Each structure stands twice: as structure tokens, then as C-alpha cells.
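Here's the letter readout for the chains.
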Amino acid sequence: MAVIPICDETIAAYDADGVALLRGAFLESWISLLREAVEQVMFEPGPLSKNYAEPGRGKFFTDHHMHHGNPLFARFIKESPAVEIAARMLKARRLNYVDEHLLVKEPGTANPTYWHQDQPYYEVAGTQFASFWIPLDPVTAETGAMKFVKGSHLWGKLYRPIRIGLGEVVEQADVLDGLAPDIDAEPGKYDIAMFEMDPGDCLFFNGAVLHGAQPNLSTHTRRRALSLRFAADDVTWQPRSYIPSRPETADLVAGGPLGGDEYPELWTA
Ligand SMILES: O=C(O)CCC(=O)C(=O)O
């Protein structure tokens, strides 16, 4: 059950801005469980893990889909209030699970997270693809706060994927609508929101909203965060040539609903 009631204003903010802040959404017990899970994964990183930082300049560690090998992540996905919150935020009648993405910026990590949208990195089409961003440490502008271009999910654009910790183009990816605009070059042109947060708070944001994050320039504060990605009613399977399809997608049809082992249905109205 959700710890906090989600009011209509929060849903309206998500619809208009593409992002909403939910304070106190997860109890300390869930945050402790995730912290333990993160330590386990960082001790034994999975095949999809990366570190974007230069040697000796902190660490920007990422990993995906950890729940396959880690029961703590599997428990969080199934039993925490995340599913219920996502269903309410998306006004869903059906909710499928897509991915979890761990993003740890250790102190002294100079890499920002470059501006990007999430949708082009996934084999999904539709408007109801969204993510949680759940910090496990206090997050400030100095330690890696998330930033969003409010309303950019409504521009009708899908920008070419980049390597989020390096800013380089993913050469093998489709060009789509070209590169995202250089938001930092003309910040005054955009309505940018940055979120300072405490453990227990979360962001909920649309897969098409442009977002990025600050580096972690602190000397001692870690910035551990987990993104969880869900899809609701109007999302369909959109195979992308640059994302190798896994055997679990064998039963999916392009333009058809998500499902099966790759995108399990976690909730129906
Ligand atoms: O945690 C970060 O630095 C970025 C997270 C992000 O871009 C995402 O979850 O889509």
C-alpha cells in the first residue's frame, strides 16, 4: 500500500511537466533494503554494468535488470508501493514492468548525466512509459540532483541516444529526430526544474521528458539512486535495431502489447 496519498495536483503536474516530486513515498525500511541490494550488486556487478568515470575521478556506476540475480531488487519491485504509485500516476488499467537501472555517483565524480530522454533506449512506443527515480542518499545540486526540461515530453520529438555519462552519440542507434538541443548552452530558453531530495522521496517522470543530472562534486556524500521503469495501457512493443532483442521477447509482436517474461504484467485494474 502507498505510504502517501497521491493527490490530483501531483498527477496534473506529471501530465503538464512530465515530472512530479513525491515526498516521503517510500518508508525507511524500503530504502534500507535498496541500500543493501546496491552494495551486493556493486560487490558483484552484472554483465550490463558500466563505470563512466575516468580512473581516479570518482565512479559513475550503472547496472540494469538486477532483479534477475538479486532477490532484494525482485522484492522491492513486487512488494514496495512502486506498482501502486505508478498505476495511479499513469491512470493505468494495466501495468507492465520494463527495467530497473542503478545509477551510483560516488563523491568526486565529475561526470554529469547528459540531457536525454529514456524512451529511445527502450523497445517501447506510446505515451505511458514512465520511471521512478529513487535516491538512497540526500541529493543536492552539489551531489547529483536531477534536472528536467518541463513540458518537453509534449514536444513530439524522440532524440538520438547518447552515452548518458559521457555525452557521446551512440553511433549504432537510429538518428530519430537528431540530437537533443544543447540545453546548457541556452538555459534561459527552457523551463528547467532541479530537484533536491531526501531518501524516501521519489521523482516520477515520463519517458519522453528531457532530463539529466549534476555531477557529484562533494568530497564525502555518495549519490546512490534507483530508476524503475513501467509501461501502462497505450505502450506497445517497438523493436529497435540497435537494441539486441533477447530470447524473452520471442512472443512479442511489433505494435502489439507488452507482456511475457521480458515485460511481466504486475497489475490490472
Ligand atoms: O541518476 C542519474 O544520474 C540519471 C538518471 C536517469 O537519467 C534516468 O533514470 O533516466
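Not measured: the values here are computed from a predicted model.

**Quick look at unusual backbone geometry**
One non-glycine residue, Lys91, lies in the positive phi region at around 50°. Examined against the element boundaries, Lys91 turns out to sit in the loop between helix H4 (82–89) and strand E4 (94–105). Of note in this structure, Leu176 is not a glycine but carries a positive phi near 50°. With respect to the helices and strands, the residue Leu176 is situated in the loop between strand E8 (146–149) and strand E9 (192–195). A relative accessible area of 33% means that Leu176 is categorised as partly exposed.

**As for the site of the ligand**
In the vicinity of the ligand, 13 residues are found, and the nearest of them are Thr113, Asp118, His211, Arg223 and Ser227. Taking His116, its side chain carries an N or O atom lying 3.1 Å from an oxygen atom of the ligand. Within the side chain of Trp133, an N or O atom sits 2.9 Å from an oxygen atom of the ligand. Isolated, the ligand exposes 300 Å² of accessible area, and the fraction of that covered by the protein chains is 99%. Elements with a minimum of two residues in the shell around the ligand: E4, strand E5 (113–116), strand E11 (211–213) and strand E12 (223–232).

**Overview of the packing of aromatic side chains**
According to the stated counting rule, one finds 12 aromatic pairs in the structure shown. Aromatic pair Trp30 and Phe76: ring centres 5.6 Å apart, planes at 80°, arrangement edge-to-face. Remark: Phe76 occurs in helix H3 (residues 71–79) and Trp30 occurs in helix H2 (residues 28–43); sequence separation between them is 46 residues. For the pair Tyr97 and Phe230, a centre-to-centre distance of 5.4 Å together with 75° between the ring planes defines the contact as edge-to-face. Of this pair, Tyr97 sits in strand E4 while Phe230 is found in strand E12, placing the two residues 133 residues apart along the sequence. You can call Phe230 buried: its relative accessible area is 0%. Ring pairs connect the aromatic residues Tyr14, Phe26, Trp30, Phe76, Tyr97, Phe132, Phe204 and Phe230, which therefore count as one cluster. Between the NZ or CZ atom of Lys105 and the centre of the ring of Phe60, over which it lies, the distance is 4.7 Å.

Scoring rules and cut-offs
- Residues numbered from 1 in each chain as written.
- Predicted model: local features only at pLDDT ≥ 70, side-chain atom pairs only at ≥ 80, totals over all residues.
- Heavy atoms only, no water.
- Helix = DSSP H or I, 4+ residues; strand = E, 2+ residues; numbered from the N terminus.
- Buried < 20%, exposed > 50% of the residue type's maximum accessible area, 1.4 Å probe, protein only.
- Near = heavy atom within 4 Å.
- Polar contact = N/O pair within 3.5 Å; in protein donor to acceptor, adjacent residues only side chain to side chain.
- Areas by Shrake-Rupley, 256 points an atom, 1.4 Å probe, with all protein chains shown as cover.
- Phe/Tyr/Trp six-rings, centres within 6.5 Å; stacked < 30°, edge-to-face > 60°.
- Lys NZ or Arg CZ within 6 Å of the ring centre and 35° of its normal.

These results come straight from atomic positions and should not be treated as a statement about function.
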